[in-house]
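# An overview of the molecular structure
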Amino acid sequence: MAIDRKRAIIEAATASFASFGYKATTIDQVAKMANVGKGTIYTFFKNKEELLDEIVTRLISEMKEAAEEAIRDDDTFIENVLRALSSILTFRKDHKLAWKLFQEDRDIGTPAVQEVLLKMDRAILSFIRYHLELAIQKGEIRECDPEITAFVMRRLYIALISDWEQHHEPLGEKQIAELFELYLLKGLSK
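Given the structure is predicted, the values throughout are model-derived calculations rather than measurements.

On inspection of all chains with the given rule, the structure shows two aromatic pairs. With a centroid separation of 5.5 Å and an interplanar angle of 45 degrees, the aromatic rings of Phe-17 and Tyr-22 are classed as tilted. Phe-17 gets classed as buried once you look at its relative accessible area, which sits at 0%. The interplanar angle of 75 degrees and the centroid separation of 6.2 Å between the aromatic rings of Tyr-157 and Phe-180 together place this pair among those described as edge-to-face. Separated by 23 residues along the polypeptide, Tyr-157 in helix 8 (residues 146–163) and Phe-180 in helix 9 (residues 173–186) bring together distant segments of the chain. Here Tyr-157 matches Phe-180 in class, with each residue buried. Across from the ring centre of Tyr-22, 4.3 Å away, lies the NZ or CZ of Lys-48, which sits over that ring.

A grouping of Ile-148, Phe-151, Val-152, Leu-182, Tyr-183, Leu-184, Leu-185 and Leu-188 is seen on the molecular surface, where their side chains present a nonpolar patch of about 720 Å² in accessible area. Of all elements in the fold, only helix 8 and helix 9 reach the threshold of two or more residues within the nonpolar patch.

Glancing now at the confidence of the model for the protein chain. Per-residue pLDDT for the protein chain averages 89, and the proportion of residues at 70 or more is 99%. For the protein chain, the element scoring lowest by mean pLDDT is helix 5 (residues 77–94), at 82; helix 2 (residues 27–34) scores highest, at 95.

With their axes 10 Å apart at the nearest point, helix 4 (residues 48–70) and helix 7 (residues 111–138) run at an angle of 25 degrees to one another. Looking at the two axes, helix 4 sits roughly parallel to helix 7. The interaxial crossing formed by helix 4 with helix 7 has right-handed handedness. Residue-level inspection shows Glu-49, Leu-52, Asp-53, Val-56, Thr-57, Leu-59, Ile-60, Met-63, Lys-64, Ala-67 and Glu-68 of helix 4 in contact with helix 7, the latter providing Ala-112, Val-116, Lys-119, Met-120, Ala-123, Ile-124, Phe-127 and His-131. Residue composition of the contact of helix 4 with helix 7, by class: 12 nonpolar, two polar and five charged.

Where helix 2 is concerned, the buried positions are Ile-27, Val-30, Ala-31 and Ala-34. Along the axis of helix 2, the buried positions cluster into a sector of 100 degrees, meaning they face one direction only. Immediately beyond the C-terminal end of helix 2, within one or two residues, lies Asn-35, with a positive phi of roughly 60 degrees.

We now examine unusual backbone geometry. Most peptide bonds take the trans form, and the phi angle of most residues other than glycine is negative. In this structure, Asn-35 is a non-glycine residue whose phi angle is positive, near 60 degrees. Looking at the element boundaries, Asn-35 is found in the loop between helix 2 and helix 3 (38–44).

Our next topic: the environment of Ile-88. Here Ile-88 is to be found in helix 5. When the C-alpha positions of Ile-88 and Glu-68 are compared, they lie 9.7 Å apart, and in sequence the two are 20 residues distant. Beyond its immediate stretch of four places on either side in the chain, Ile-88 contacts Met-63, Ala-67, Ile-124 and Phe-127.

This structure, assessed with the given rule, holds nine salt bridges. Arg-7 is the partner of Asp-4 in a salt bridge, and the nearest nitrogen-oxygen pair spans 3.3 Å. Of this pair, Asp-4 and Arg-7 are both found in helix 1 (residues 2–20), three residues apart, which corresponds to roughly one turn of the helix. Judged by its relative accessible area of 42%, Asp-4 falls in the partly exposed class.

Cut-offs used in this document
Residues numbered from 1 in each chain as written. Predicted model: local features only at pLDDT ≥ 70, side-chain atom pairs only at ≥ 80, totals over all residues. Heavy atoms only, no water. Phe/Tyr/Trp six-rings, centres within 6.5 Å; stacked < 30°, edge-to-face > 60°. Buried < 20%, exposed > 50% of the residue type's maximum accessible area, 1.4 Å probe, protein only. Helix = DSSP H or I, 4+ residues; strand = E, 2+ residues; numbered from the N terminus. Lys NZ or Arg CZ within 6 Å of the ring centre and 35° of its normal. Patch = residues over 30% accessible without salt bridge, like charges linked within 9 Å, V, L, I, M, F, W, Y side chains within 5 Å. Areas by Shrake-Rupley, 256 points an atom, 1.4 Å probe, with all protein chains shown as cover. Salt bridge = Lys/Arg side-chain N within 4 Å of Asp/Glu carboxyl O. pLDDT = per-residue confidence, 0-100. Axes fitted to C-alpha atoms, helices over the stretch in contact; angles between N-to-C directions. Parallel < 35°, antiparallel > 145°, perpendicular 65-115°, else oblique. Left-handed = near helix turned anticlockwise from the far one by under 90°. Contact = heavy atoms within 4.5 Å. Nonpolar A, V, L, I, M, F, W, Y, C, P; charged D, E, K, R; others polar. Arc of directions from axis to C-beta.

This is the structure in structure tokens:
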């Protein structure tokens, strides 16, 4: 019974955060939506921040699953990374809560939202770093600092996907893959 109440609270909070944003959601509102007393929420969660953290932890887990599903053993490292990054960004774009959190961070800069978005970002970088380390071990790529390289890969991908599109025609997946290969694997030197 307690598990059902906790699940109802998480579902109600997720729906409220996704619709109204973190800042505009109240514990009273979540309690009403979950059909539980306000005190019941506090038996599971210390405060609204802890509730958001629980929800985002689950969101990160789903995002990682989507990225792992994009990895194929018979493909190259770069193909796998590009597909995984694409699935992560698609997941973030299509997931209503993630979209609302990004919007709230951009418009309001709510500290609790910034904290969970940083947690999401760290999870993405950790995922890329892990796969970089595997590729180094397998000899698919040369030695590099996996943490810095993960950061550069993520930033390059975001730049090519969203920043470029602000003033240019969108790049296709094949073009992005070719640019990734050029800048990260081959380099610009002749």
